[in-house]
Amino acid sequence: MKIEQVEIREIELPLVHFFETSFGRTTKRRIVLVRVKGDGLAGWGEVTCGEEPFYSHETPETAWHILRDYLIPWSLHRKWSSPSELAAHFRPIRGHPMAKAGLENALWDIEAQGRGIPLSKLVGGTLEEIPCGVSIGIQDSVEELLETIQRELEAGYQRIKVKIKPGWDVEILERIRSKFPRSALMADANSAYTLADLPRLKMLDRFYLMMVEQPLGWEDLLDHAKLQREISTPVCLDESIHTAEDARKAIEIGACKIINIKLGRVGGFTEARRVHDVCRGKNIPVWCGGMLESGIGRAGNIALASLPGFNLPGDVSASRRYWEQDIIDPEVEVTARGTIRVPQTPGFGYVPNLDRIEKATVRKETFG
Ligand code: OSB
Ligand code: MG
């Protein structure tokens, strides 16, 4: 496949409800989309970074810079025999996995279209339906949180994830457990604690959570291993796992019992599949995380979550939880049993709504 043209654009999409984590509140997403033309086809990818360098160092601005000045010049007008070659070619550029994933994943879309098969099949997916959970941000009050949980459980979602931070943790979980004693529940701290909080973190064991996600430092493995020895709740790593090598090391030292795989955080499908394979070989369950993606990134997540090792419900949920109107047709919908059907049409399986994308665009640059 030859890359003939690359277009990057930034779109702005307001969230239907704000999303708050230990690092802050988001009300409107700024999303960089990548469209690649090659072999007479067009493929799409999404850069999943946050607006601010709080989840990771990447922002729409850094992604734009790295795409424009490195990734696009390094790949344009060249021939690639597989999208995986791109990941290897980009290796000298340190970091910036989300910018890399935006471009690489567009190539996977083209490759799937060219072969006339769904993206999920191309990347090795086997599930036809993926189990879904929801990630619920910090709310203005516990009552609002409890109402939201109730609504999502009624919609059929198979597990609830709530965000925690010091001051919004044990008391909140107590309230949730007294109202929903039997629901599959987990908590994500987005690195809001340190080992000095060990007494507090030990209290989490009272709530028989499926797991606690990324309680400690965003690049830490060692302290997570120390913590895991002190608590019975399984530790799941998100922020700390950037590569398959990170996953191997984390598992080896006992830093986690579960891993959240995000396409952007690990740099695209090539590395995401490697992380999946390492975990599968060690019997470590994985699930697909989310980054408040538009339909384009969401479609990639659905394909990833169809791989055989994804045996826990992920954070991939319906478009309508995020957007008034998504930028793909049809929108992503969730069945009453809390699953998403993996699309079976060639490519990423949904149609980008060019009209809506154009209306949301705030800047655009074309290369080649
Ligand atoms: O830590 O998983 C996270 C959103 C933005 C940044 C980090 C995270 C999240 C989520 C939301 O939990 C997942 C989603 O619904 O897309
Ligand atoms: Mg997380």
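Residues numbered from 1 in each chain as written. Chains lettered and ligands numbered in written order. Predicted model: local features only at pLDDT ≥ 70, side-chain atom pairs only at ≥ 80, totals over all residues. Heavy atoms only, no water.

Participant: Outline unusual backbone geometry, listing residues and values.
Facilitator: Cis geometry is adopted by the peptide bond preceding Pro330, which originates at Asp329 and carries an omega value of -15°. Its identity is not glycine, yet His96 carries a phi of approximately 55°, on the positive side. Relative accessible area serves as the criterion here: at 17%, His96 is assigned to the buried category. Of note in the backbone geometry, Ser191 takes a positive phi value of approximately 65° without being a glycine. By the secondary structure assignment, Ser191 is in the loop between strand S7 (185–188) and helix H7 (198–202). (Buried < 20%, exposed > 50% of the residue type's maximum accessible area, 1.4 Å probe, protein only. Helix = DSSP H or I, 4+ residues; strand = E, 2+ residues; numbered from the N terminus.)

Participant: A description of the pairing of strand S10 (residues 258–261) should follow, citing residues and the corresponding values.
Facilitator: Going residue by residue along S10, you find Ile258 and Asn260 tucked away on one face and Ile259 and Ile261 tucked away on the opposite face as well. Across two bridges, the pairing between strand S9 (residues 235–237) and S10 is parallel. Looking at the pairing, Leu237 lines up with Ile259 of S10. A crossover links S9 with its parallel partner S10, the connecting element being helix H9 (residues 244–252), and its sense is right-handed. With three bridges connecting them, S10 and strand S11 (residues 286–288) associate as parallel partners. Looking at the pairing, Ile261 lines up with Cys288 of S11. (Pairing = 2+ DSSP bridges. Right-handed = clockwise from strand over helix to strand, strands pointing away.)

Participant: Before we move on, can you summarise the coordination of the magnesium ion (ligand 2) with the specific residues and values?
Facilitator: Coordination of the magnesium ion (ligand 2) by the protein comes from Asp188 (OD), Glu213 (OE) and Asp238 (OD), over a distance range of 2.1 to 2.3 Å. Every donor residue of the magnesium ion (ligand 2) comes from the same chain, spaced as D-x24-E-x24-D. With Glu213 in strand S8 (residues 212–213) and Asp238 in the loop between S9 and H9, this pair connects stretches of sequence that are 25 residues apart. Judged on exposure class, the residue Glu213 and its partner Asp238 are both buried. (Donors = N, O, S within 2.8 Å, 3.2 Å for Na, K, Ca; no water.)

Participant: Please give an account of the domain arrangement of the protein chain that cites residues and values.
Facilitator: Along its sequence, the protein chain is carved into domain 1 (5–116 + 354–367) and domain 2 (121–341). Put simply, the middle of domain 1 and the middle of domain 2, counted by C-alpha atoms, are 23 Å apart. Taken together, the contacts link 37 residues of domain 1 with 44 residues of domain 2. Note on domain 1 versus domain 2: buried area summed over both sides is about 3,400 Å², and carbon and sulfur give 62% of it. Linking domain 1 with domain 2 are two salt bridges. Salt-bridge contacts for Asp329 lead to Arg356; the nearest nitrogen and oxygen are separated by 3.6 Å. (Domains from an automatic or database assignment. Contact = heavy atoms within 4.5 Å. Buried area = accessible area lost by both parts, 1.4 Å probe. Salt bridge = Lys/Arg side-chain N within 4 Å of Asp/Glu carboxyl O.)

Participant: So, the environment of Ile172: which residues are in play, and what are the values?
Facilitator: Within the secondary structure, Ile172 is located in helix H6 (residues 170–179). Among residues more than four places away in sequence, those in contact with Ile172 are Val142 and Leu145.

Participant: Give a detailed account of the packing of helix H1 (residues 60–75) against helix H3 (residues 97–115), specifying residues and quantitative values.
Facilitator: Direction vectors running N to C along H1 and H3 enclose 45°, while the axes themselves pass 9 Å from each other. Looking at the two axes, H1 sits oblique to H3. By crossing handedness, the relation of H1 to H3 is classed as right-handed. Contact with H1, carried on its side by Ala63, Ile66, Leu67, Leu71, Ile72 and Ser75, involves Ala99, Lys100 and Leu103 of H3 and no other residues of that element. Its residues assigned to classes, the contact of H1 with H3 shows seven nonpolar, one polar and one charged. (Axes fitted to C-alpha atoms, helices over the stretch in contact; angles between N-to-C directions. Parallel < 35°, antiparallel > 145°, perpendicular 65-115°, else oblique. Left-handed = near helix turned anticlockwise from the far one by under 90°. Nonpolar A, V, L, I, M, F, W, Y, C, P; charged D, E, K, R; others polar.)

Participant: So, the site of ligand 1: which residues are in play, and what are the values?
Facilitator: Taken together, 15 residues lie around ligand 1, and Ser135, Asp188, Asn190, Leu292 and Tyr322 are the ones closest in. Take Lys163: an N or O atom from its side chain is 2.9 Å from an oxygen atom of ligand 1. Interatomic distance of 2.5 Å between a side-chain N/O atom of Tyr322 and an oxygen atom of ligand 1. In isolation ligand 1 has 380 Å² of accessible area, and contact with the protein removes 97% of it. Class assignment of the residues belonging to the shell around ligand 1 gives a composition of five nonpolar, three polar and seven charged. (Near = heavy atom within 4 Å. Polar contact = N/O pair within 3.5 Å; in protein donor to acceptor, adjacent residues only side chain to side chain. Areas by Shrake-Rupley, 256 points an atom, 1.4 Å probe, with all protein chains shown as cover.)

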